[in-house]
Amino acid sequence: MNSLFKTLADNPSALLRWYVDVGVDEAITEEPVDRFKVGGRVEAVVATKQAKQKILKTVSQSHSLHSGLQPEVGELVHSAIHLAKGANTIDELKAAVESFEGCGLKKFASSTVFADGNASARIMFIGEAPGADEDRQGKPFVGASGKLLDKMLESIGLDRETNAYITNIVFWRPPGNRSPTHQEVSSCLPFVQRHIELLDPAVLVFVGGLSAKTLLAKPIGITKMRGHWHEYVSPSISKPVPSMALFHPAYLLRSPQQKRLAWQDLIAIRHKLNNLVQV
Ligand code: URA
């Protein structure tokens, strides 16, 4: 045993921390396990399939709302739109998301990560996808990048308890923290759009490129997107919402030299809020 492993083996909590640092956040065995065949999972999968069939049956035969999606996914998106539109409060929307079986990510996740923060906030932050910590706790941005996000908010007088609201573009953790697929994002999108309508923020902040690209429908990267004000528009909201894209805190943890640009964006966000509302 080399000295690093000996030191870690003598200190189990350091060993666990080291596993997490190097990305080992799933316990696996030597032999592959088909979890679809293990005990209660079979019933869960059958129930999910039945729920999916039910959704597909009740959904109208209208064509796919999103180009490039398979017809079945178009129908799931349609059912998401139907469920999302039926929600008239944030709590109802949360319940609708929790009942939705049309996003494949849900099968692998331990919890639905809906949102955190003050629902009366005038500023809404939309990140990418829950990670392992978020999946465990059922709240967005509670891991290492969440801690940095909290510091970024604090630097401009915001916090979750009083004046900021945080969610993601998908509500379930993608296995192994991969990026969510176009189909997974599309199936959650109607809920995210309704979330924005119901919260009615004065300012939107996209945390990372994925939510910016998706909600602004602009196929450009975060480096070009950040540093400028954009407008989020939707037929269901009365006027465009000023929107800024921020570097994702996970990226800032890897590339701290970019914090300078993120700080400029945070200052711009603070000024915009000062002009629009008393926060
Ligand atoms: N990264 C995100 O984009 N969202 C989270 O909730 C956690 C990490």
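Worth saying up front: this structure is predicted, and the values here are computed from it rather than measured. (Residues numbered from 1 in each chain as written. Predicted model: local features only at pLDDT ≥ 70, side-chain atom pairs only at ≥ 80, totals over all residues. Heavy atoms only, no water.)

Colleague: Sorry, what's going on with the overall build of the chain here?
Modeller: Per the secondary structure count, the chain includes 12 helices and 6 strands. Burial analysis of the chain (279 residues in total) assigns 44% to the buried set. When the accessible surface of the chain is totalled, it reaches about 15,200 Å², and 54% of it is carbon and sulfur. (Helix = DSSP H or I, 4+ residues; strand = E, 2+ residues; numbered from the N terminus. Buried < 20%, exposed > 50% of the residue type's maximum accessible area, 1.4 Å probe, protein only. Areas by Shrake-Rupley, 256 points an atom, 1.4 Å probe, with all protein chains shown as cover.)

Colleague: Hey, could you run me through the site of the ligand in this one?
Modeller: Around the ligand lies a shell formed by Gly127, Glu128, Ala129, Pro130, Glu134, Pro140, Phe141, Ser145, Asn168 and His248. Between the ligand and the protein, one listed contact pairs an oxygen atom with a backbone N or O atom of Glu128 at 2.8 Å. A distance of 2.8 Å separates a nitrogen atom of the ligand from a polar atom in the side chain of Asn168. Starting from 240 Å² of accessible surface for the ligand in isolation, the protein chains cover 93%. Looking at the shell around the ligand residue by residue, the classes come out as 4 nonpolar, 4 polar and 2 charged. (Near = heavy atom within 4 Å. Polar contact = N/O pair within 3.5 Å; in protein donor to acceptor, adjacent residues only side chain to side chain. Nonpolar A, V, L, I, M, F, W, Y, C, P; charged D, E, K, R; others polar.)

Colleague: When you look at helix α12 (residues 259–276) in this model, what are you seeing that I'm missing?
Modeller: Its 18 residues place the ends of α12 25 Å apart at the C-alpha level, agreeing with the 26 Å of an ideal helix rising 1.5 Å per residue. Listed in full, the buried residues belonging to α12 are Leu261, Ala262, Asp265, Leu266, Ile269, Arg270 and Leu273. (Expected span 1.5 Å × (residues − 1).)

Colleague: Before we go on, may I ask you to explain the packing of helix α5 (residues 90–99) against helix α8 (residues 182–199) in this structure?
Modeller: If you want to describe how two helices pack, look at the angle between their axes and the distance between the axes. Put simply, α5 and α8 touch, their axes get as near as 10 Å, and they point 170 degrees apart. In terms of orientation, α5 lies roughly antiparallel with respect to α8. On the side of α5, the interface is formed by Ile90, Leu93, Ala96 and Val97, while α8 contributes Phe191, Arg194, His195, Leu198 and Leu199. Considered class by class, the residues forming the contact of α5 with α8 number 7 nonpolar, 1 polar and 1 charged. (Axes fitted to C-alpha atoms, helices over the stretch in contact; angles between N-to-C directions. Parallel < 35°, antiparallel > 145°, perpendicular 65-115°, else oblique. Contact = heavy atoms within 4.5 Å.)

Colleague: Just to check I follow, could you spell out the packing of aromatic side chains for this structure?
Modeller: Each aromatic ring pair is described using two quantities: the centre-to-centre distance and the angle formed by the ring planes. Scanning all chains against the criterion turns up 5 aromatic pairs. Grouped by ring-pair contacts, the aromatic residues Phe100, Phe114, Phe171, Trp172 and Phe191 constitute a single cluster. Its guanidinium or amino end placed over the ring of Trp229, Lys272 lies 4.8 Å from that ring's centre, counting from NZ or CZ. (Phe/Tyr/Trp six-rings, centres within 6.5 Å; stacked < 30°, edge-to-face > 60°. Lys NZ or Arg CZ within 6 Å of the ring centre and 35° of its normal.)

Colleague: It is not clear to me how the state of the cysteines should be interpreted in this structure. Could you clarify?
Modeller: What makes a disulfide is a covalent bond joining the sulfur atoms belonging to two cysteines. For the coordinates displayed, the defined rule picks out 0 disulfides. Counting only cysteine sulfurs, Cys188 is the nearest neighbor of Cys103, a cysteine outside any disulfide, at a range of 4.0 Å. (Disulfide = S-S within 2.5 Å.)

Colleague: Would you explain the environment of Met124 in this entry?
Modeller: Examined against the element boundaries, Met124 turns out to sit in strand β2 (residues 123–127). Of the residues examined, Met124 reaches a relative accessible area of 0% and is grouped as buried. A sequence separation of 39 residues divides Met124 from Asn163, and the C-alpha atoms of the two residues are 9.2 Å apart. Not counting residues within four places of it along the chain, the set of residues in contact with Met124 comprises Tyr165, Thr167, His195, Ile196, Leu199, Pro201, Val203, Leu204 and Val205.

Colleague: Help me understand the pairing of strand β3 (residues 165–168) in this model?
Modeller: Successive residues of a regular strand alternate their side chains across the two faces of the sheet. Judged by which residues are buried, β3 turns out to be covered on both faces: Tyr165 and Thr167 on one side and Ile166 and Asn168 on the other are all buried. Where strand β1 (residues 115–117) and β3 come together, 3 bridges link them in antiparallel fashion. Paired with Gly117 across the two strands is Tyr165, which belongs to β3. (Pairing = 2+ DSSP bridges.)

Colleague: Would you mind going over the sheet that holds strand β6 (residues 241–246) with me for this structure?
Modeller: Sheets are built from strands that pair by backbone hydrogen bonding, the pairs being arranged parallel or antiparallel. Here we have 6 strands laid out as an open sheet, ordered β1-β3-β2-β4-β6-β5, and mixed in their pairing. Each of the sheet's edge strands pairs with one partner strand only, and the pair in question is β1 and β5 (230–232). Direction aside, the axes of adjacent strands within the sheet are offset by 30 degrees on average. Relative to β6, β5 runs antiparallel, the two sharing 3 bridges. If you follow Glu231 over to β6, its bridge partner there is Pro242. Packed onto the sheet, helix α9 (residues 209–216) meets β2, β4 (203–207), β5 and β6 and runs at close to 130 degrees relative to β4.

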